[in-house]
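Here are the chains, one letter per residue:
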Amino acid sequence: MWAIQATRFGDPEVLAIREMPDPVAGPGQGVVEVSVADVLFVETQIRRGLAREYFTVEPPYVPGSAVAGQVISVGESVDPGWVGRRVAAHTGGGGGYAERVAVPADGLIPVPDGLGVREAAALLHDGPTALGVFEEARIRPGESVLVTAAAGGMGVLLVQLAHTAGARVTAAARGKQKLDVAREMGAVSVVDYSRPGWPERVREACGGGGPDVVFDGAGGQIGGAAFEITAPGGRFSAHGAPSGGFAEFDPREAERRGVTVRGIEDVRFAPAKVKRLAARALAEAAAGRMRPVIGQTFPLARAADAHAAMEARDVVGKTLLLLT
Ligand SMILES: NC(=O)c1ccc[n+]([C@@H]2O[C@H](COP(=O)([O-])OP(=O)(O)OC[C@H]3O[C@@H](n4cnc5c(N)ncnc54)[C@H](OP(=O)(O)O)[C@@H]3O)[C@@H](O)[C@H]2O)c1
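To keep things clear, this report deals only with the structure shown in the data block.

Next up on the list: the environment of Val 133. Looking at the secondary structure, you find Val 133 in helix H2 (residues 117–137). Distance from Val 133 to Lys 178, taken between C-alpha atoms, is 22 Å for residues 45 residues apart in sequence. Leave out the neighbours within four places in its chain, and Val 133 touches Leu 158, Phe 215, Ser 237, His 239, Val 267 and Phe 269.

Laid out in structure tokens, this is it:
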């Protein structure tokens, strides 16, 4: 089979297409014929060899932690009824950027009727994290919510969830195209954070007092500025780090202003919870209540271009690799 291998740490070009042996389902595993592989921003950071205290993978490795497709075989102690079913699955590590991958069978999630495998793959990571982060924030109707990196794969889901919960959503992102997408998702105001003075515009959009809830998908200085304007007694989710690190702020300042901060560790859910939330996200999407935005797709052989586009911030919503 064909697979993408990160041959060493470095620029996107280290991702090379390679012929590799087909996987065989071991005990407790199923082999998925991959139709779609999810691409995450964090996979570009791992490929660069960043954050090695969290990610211990060493090249050469096949990236890809979530796929959707069809089960073609199962190993010992797995229900053979899975064979032939359309599924979405976490790979339990890497291996997703490939024509076939062996995955833990207890993580297989059937793709509901009426939902495409692309949408299922698009929701497998972003859906559970968005639902988990959203639930933690306990948004009440009428509250003001700021979402940064609002046109990212998860950002668009958070905008939708907060809007549906009756919040007044301000979306912050870079550039008109991304802001237009965020508006379509339900944001009542949009702010371009590549422009100076953006935090003041967010404050104005929130009626002068700052947002009650911030979902920060951007991190770094953007996240730090969003923290500064969070309303006293507000909630701040510091889950995003695409700008190079999580939101920069002083925890004593959070305490002083009574701002509850949740970090990345709060969105590292146990596998059973991830599976439950993922199944719910797929069901919500099948029912038309949640919509992933698939902004761009690439064939497997162009995985390097997918990574380059993400790093250049040229992508909107979700980026996927298509195999069939
Ligand atoms: N998806 C998950 O399951 C999950 C789980 C845990 C944590 N996270 C974190 O949450 C973040 C947001 O998730 P997402 O899925 O909405 O985002 P995404 O699709 O990975 O896109 C990242 C977004 O970050 C923004 N960004 C800001 N600074 C950037 C930079 N220097 N380089 C590249 N992009 C930059 C980009 O928008 P602008 O150009 O508009 O700024 C882009 O839309 C992730 O990047 C990750 O750090 C995600």
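After that view of the structure, there is still more to cover.
Considering all chains together, one arrives at 21 salt bridges under this definition. In this structure, the salt-bridge partner of Asp 11 is Arg 48, at a minimum N-O distance of 2.8 Å. Within this pair, whereas Asp 11 is found in the loop between strand E1 (2–6) and strand E2 (15–19), its partner Arg 48 is found in the loop between helix H1 (41–47) and strand E4 (66–74), the two being separated by 37 residues in sequence. With relative accessibility at 43%, the residue Asp 11 sits in the partly exposed group. The class of Arg 48 is partly exposed, set by a relative accessible area of 34%. Two residues, Glu 253 and Arg 257, come together in a salt bridge whose shortest N-O distance is 3.2 Å. With a gap of 4 residues between them, Glu 253 and Arg 257 both fall in helix H7 (residues 251–257), about one helical turn apart. Accessibility expressed as a relative area gives 13% for Arg 257, which makes it buried.

Side-chain direction in a regular strand flips from residue to residue, so the side chains alternate between the two faces of the sheet. Bridging between strand E9 (residues 168–173) and strand E10 (residues 189–192) involves 4 bridges; their strand directions are parallel. By the bridge assignment for E10, Ala 173 is matched with Asp 192. With respect to chirality, the unit in which E9 leads through helix H4 (residues 176–184) into the neighbouring parallel E10 is right-handed.

Attention now moves to the sheet that holds strand E13 (residues 260–262). Taken in spatial order, the 6 strands make up an open sheet running E10-E9-E8-E11-E12-E13, and their pairing is parallel. The two strands at the open ends of the sheet, each matched to only one other strand, are E10 and E13. Pairs of neighbouring strands in the sheet enclose a mean axial angle of 15 degrees, with direction left out of account. Most of the contacts of H2 go to strand E11 (residues 213–216), to which it runs at about 160 degrees, and overall it touches E11, strand E12 (235–237) and E13.

Close to the ligand lie 23 residues; Asp 126, Thr 129, Lys 178, Tyr 193 and Arg 313 are nearest. A distance of 2.8 Å separates an oxygen atom of the ligand from a polar backbone atom of Arg 174. Tyr 193 places a side-chain nitrogen or oxygen 2.5 Å from an oxygen atom of the ligand. When the ligand is considered free in solution it has 860 Å² of accessible area, and contact with the protein chains removes 87% of it. Elements supplying a minimum of two residues to the shell around the ligand: H2 and helix H3 (153–164).

What counts and how
- Residues numbered from 1 in each chain as written.
- Predicted model: local features only at pLDDT ≥ 70, side-chain atom pairs only at ≥ 80, totals over all residues.
- Heavy atoms only, no water.
- Helix = DSSP H or I, 4+ residues; strand = E, 2+ residues; numbered from the N terminus.
- Contact = heavy atoms within 4.5 Å.
- Salt bridge = Lys/Arg side-chain N within 4 Å of Asp/Glu carboxyl O.
- Buried < 20%, exposed > 50% of the residue type's maximum accessible area, 1.4 Å probe, protein only.
- Pairing = 2+ DSSP bridges.
- Right-handed = clockwise from strand over helix to strand, strands pointing away.
- Axes fitted to C-alpha atoms, helices over the stretch in contact; angles between N-to-C directions.
- Near = heavy atom within 4 Å.
- Polar contact = N/O pair within 3.5 Å; in protein donor to acceptor, adjacent residues only side chain to side chain.
- Areas by Shrake-Rupley, 256 points an atom, 1.4 Å probe, with all protein chains shown as cover.

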